[in-house]
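# Summary of structural features
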Amino acid sequence: MTSLQSRHIDNVYSIATGTALADPAASLVHKSWARCVREHGLDPTKPSPARILPAQEVRAHQQQLEHFLRAARAGMEDIYRRVADLGYMVLLTDAEGITVDYIGNPAWDDQLRRAGLYLGADWNEAHAGTCGVGTCLIERQPMTCHQTEHFDATHIALTCTTAPLFDHSGRLTAILDVSALRSPEARESQHLVRHLVSIYARMIEDADFLRSFRGHWILRLGTAYGLVDVAGELMLAFDEGGTVVGANSGARQALAENPLGREVSQLLHIPMDAIWRLGNGGASAMPFAHTVLLPGGGEYHASLLAPRVRRAAAPAPDIARPSDRLPPLARIAGDDPAMQQLLAQAQRLVDRGIHVLVEGETGSGKEVLARAMHGASRRAAMPFVAVNCAAIPDSLIESELFGYTPGSFTGGRAKGMKGLIAQADRGTLFLDEIGDMPMALQTRLLRVLSEGEVLPLGAESPQRVDLAVVAATHRNLSALVAAGRFREDLYYRLCGAVLKLPPLRARGDRRYLIEAMFNEEAAAMRPGARLSDAALQRLLAHAWPGNLRELRNVLRLALALCADGTVGAQDLQLPAPSDSAAAAAVPSAPASAEAGAGDGGLEGADELRALLQRHRWHVARAAAELGVCRATVYRHMKRHGIAPPQRM
Ligand SMILES: Nc1ncnc2c1ncn2[C@@H]1O[C@H](COP(=O)(O)OP(=O)(O)OP(=O)(O)O)[C@@H](O)[C@H]1O
């Protein structure tokens, strides 16, 4: 041990244990030293070498950030180009402090590895002591940990400058770190690096934000009039109804209240039609430029970015799916062996040109799985088009799917329309509720699948399409084939591989799913909210006939209802445990071709018509009362020949 290290240990020891006065200017660091001793139980007299995780564990951490890592890598390479000559390296850790990516000079590989500036290094404060990453994870603000500010004497040669990266809901996702093995003694030497790290952290966050919300409208606000069309300091993503679904760090800081779930026009005090007009010209097109005064002060110019991922046109706005995010495959399940096997199989099917059929009860996550497979494929940047065959009326399904040429369709658009199949070209076509596809269209779909061509209505020659097709059903498709209601050749064409999603009640990773979904919903609705043990036990015991969709609804409602930020068992809108146990006895797959589990007791036409009339034909509200999804209600309407009065 060097004399510098011994002096450092004495200094840390006396400040951390309170025998010397802490320097107010270094209070963040001294607070952390005290935390290392009192809360993490670290001993400054026992320096410990950097801890590097085995490759397999590192991969598991990387998988959790799969998509984010791509955006981050571009930013890391750019910042590295600027600082490499000055002797710095760049590192990215996840929210646990594990290094999931790094770029350094290969000539110093050994030294960097020894110092922990390496892939797999664990920089969590609880293990590594005060350091750029670990302390930034706790303080959630950009910081520099310079030389002897480190707790552990092993690290006192290093200088590390870090900034936290947050996702669109404000959850801390990663830490960006620029470090050097050697640096000038003066702390001020790191000012410029600190500035760069903060700028790049925002750029990476924003690149990830734009990727995550490429299926949504994005309003960008900036103080520089000429720049807002290319980059916005504040960004709000919203859906077709104007509801905010994501906000970048700039927007969350500038807006006093949580913007998620609010109407964008109310939040910014701009009429919705003025926002839509921005889409026509951008901020620099004078007639549509709009100045926004934020409630908390500050004047911004606005610009609107249109969705880049096309979504399936739906017959009514309330059929639109809520999100275009592509969850990584690894995050779909916890440690349930059957699910792990299914995900490994799904991963192997990606990019193999094999059509996949996903079976599972309603709400069990079929679309989420399809989106994740799309996201893991080389088609990820191309469209994911979801078509709910049960939700589109028979009279429209052909033109919606295949499109039509000008003048070929009475009542059609004068310019003709590109069908959903053509829109999915080079991407993924997700055919939900495939069992509801009319027989005549099954024949045309078969041609698309076998010949890779689509013929729009009225067109003379077909167009080539390159599709990955994922079909989904909650029904027993082979029973429909046996009953002569589904074409056998189409069935075999669609099920190149079958993935059977188990119902939630049969999954061994319910705890993981409950906690992950709770954290996700809490981050969006009530950051910092907790789930009590009693509530968790109650959720684990429930039978979940509506599967993951029901779970999400129950958690959202509980978060809205809970009084003090802690969700207790009393906040859960669930039937009494005995009813739940009875529901658990529901068979996990429908026995007949007609039946579907989780249909919320939708039996007769009269009951359904009465329910819809009570809700003034608002399908979403009727579905909410039954605890089923809208598609289920549409399916039953179709089966009973029920149509809303205005469509009759
Ligand atoms: N692995 C998962 N983790 C978190 N949430 C999930 C997961 N799988 C599904 N969900 C949530 O459950 C709900 C239903 O998911 P999804 O639409 O994929 O189900 P589905 O089986 O396609 O339903 P349907 O049969 O009604 O079309 C959504 O809110 C989705 O976000």
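Residues numbered from 1 in each chain as written. Predicted model: local features only at pLDDT ≥ 70, side-chain atom pairs only at ≥ 80, totals over all residues.

So, about the site of the ligand. The environment of the ligand is formed by 19 residues, the closest being Gly365, Lys366, Glu367, Val368 and Leu548. Looking at the shell around the ligand, the elements with two or more residues in it are α13 (366–376), α19 (510–525) and α21 (547–561). Among the residues forming the shell around the ligand, the class breakdown is 8 nonpolar, 6 polar and 5 charged. (Near = placed C-beta within 6 Å. Helix = DSSP H or I, 4+ residues; strand = E, 2+ residues; numbered from the N terminus. Nonpolar A, V, L, I, M, F, W, Y, C, P; charged D, E, K, R; others polar.)

Turning our eyes to something else, we now look at the environment of Ile15. Here Ile15 shows up in helix α1 (residues 3–16). Judged by the 20 C-beta atoms lying within 10 Å of it, Ile15 is buried. On a C-alpha basis, the gap between Ile15 and His30 in space is 7.0 Å, while along the polypeptide they are 15 residues apart. (Buried ≥ 20, exposed ≤ 12 C-beta atoms within 10 Å, placed from the backbone.)

Three or four residues apart is the spacing at which side chains of an α-helix point the same way, because the helix has 3.6 residues per turn. The end-to-end C-alpha distance of α19 is 22 Å, a good match for the 22 Å that 16 residues give at a rise of 1.5 Å each. By the burial criterion, the buried members of α19 are Arg510, Leu513, Ile514, Phe518, Glu521, Ala522 and Ala524. One side of α19 carries all its buried residues, which in axial view fall inside an arc of 160°. Here the buried face of α19 lies against β20 (530–531), α20 (533–541) and α21. (Expected span 1.5 Å × (residues − 1). Arc of directions from axis to C-beta. Contact = placed C-beta atoms within 7 Å.)

Now for the sheet that holds strand β15 (residues 428–432). Taken together, 5 strands build an open sheet; the order of strands is β12-β15-β18-β11-β19 and the sheet is parallel. One side of each edge strand has no neighbouring strand; the edge strands of this open sheet are β12 (384–388) and β19 (497–500). Strand-to-strand, the axes of this sheet are offset by a mean angle of 20°, without reference to chain direction. In this sheet, strand β18 (residues 468–473) lies alongside β15 in parallel orientation, the contact comprising 4 bridges. Among the inter-strand pairings, Leu429 is bridged to a residue of β18, identified as Val469. (Pairing = 2+ DSSP bridges. Axes fitted to C-alpha atoms, helices over the stretch in contact; angles between N-to-C directions.)

On to unusual backbone geometry, then. At Glu433, a residue that is not glycine, the phi angle is positive and equals roughly 55°. In this fold, Glu433 is placed in the loop between β15 and α16 (439–451). Exposure remark for Glu433: the 25 C-beta atoms within 10 Å place this residue in the buried category.

Among the 9 residues of strand β5 (residues 172–180), 7 are classified as buried, and the element is accordingly described as predominantly covered. Sheet topology places strand β1 (residues 88–94) next to β5; 7 bridges connect them, and they run antiparallel. Residue Val90 lies in a different strand from β5, and its bridge partner there is Val178. With 8 bridges connecting them, strand β4 (residues 159–166) and β5 associate as antiparallel partners. The residue bridging Thr159 from the neighbouring strand is Ala180, located in β5. The turn joining β4 and β5, which pair antiparallel and follow one another in sequence, is formed by 5 residues; a positive phi near 95° is taken by Gly170.

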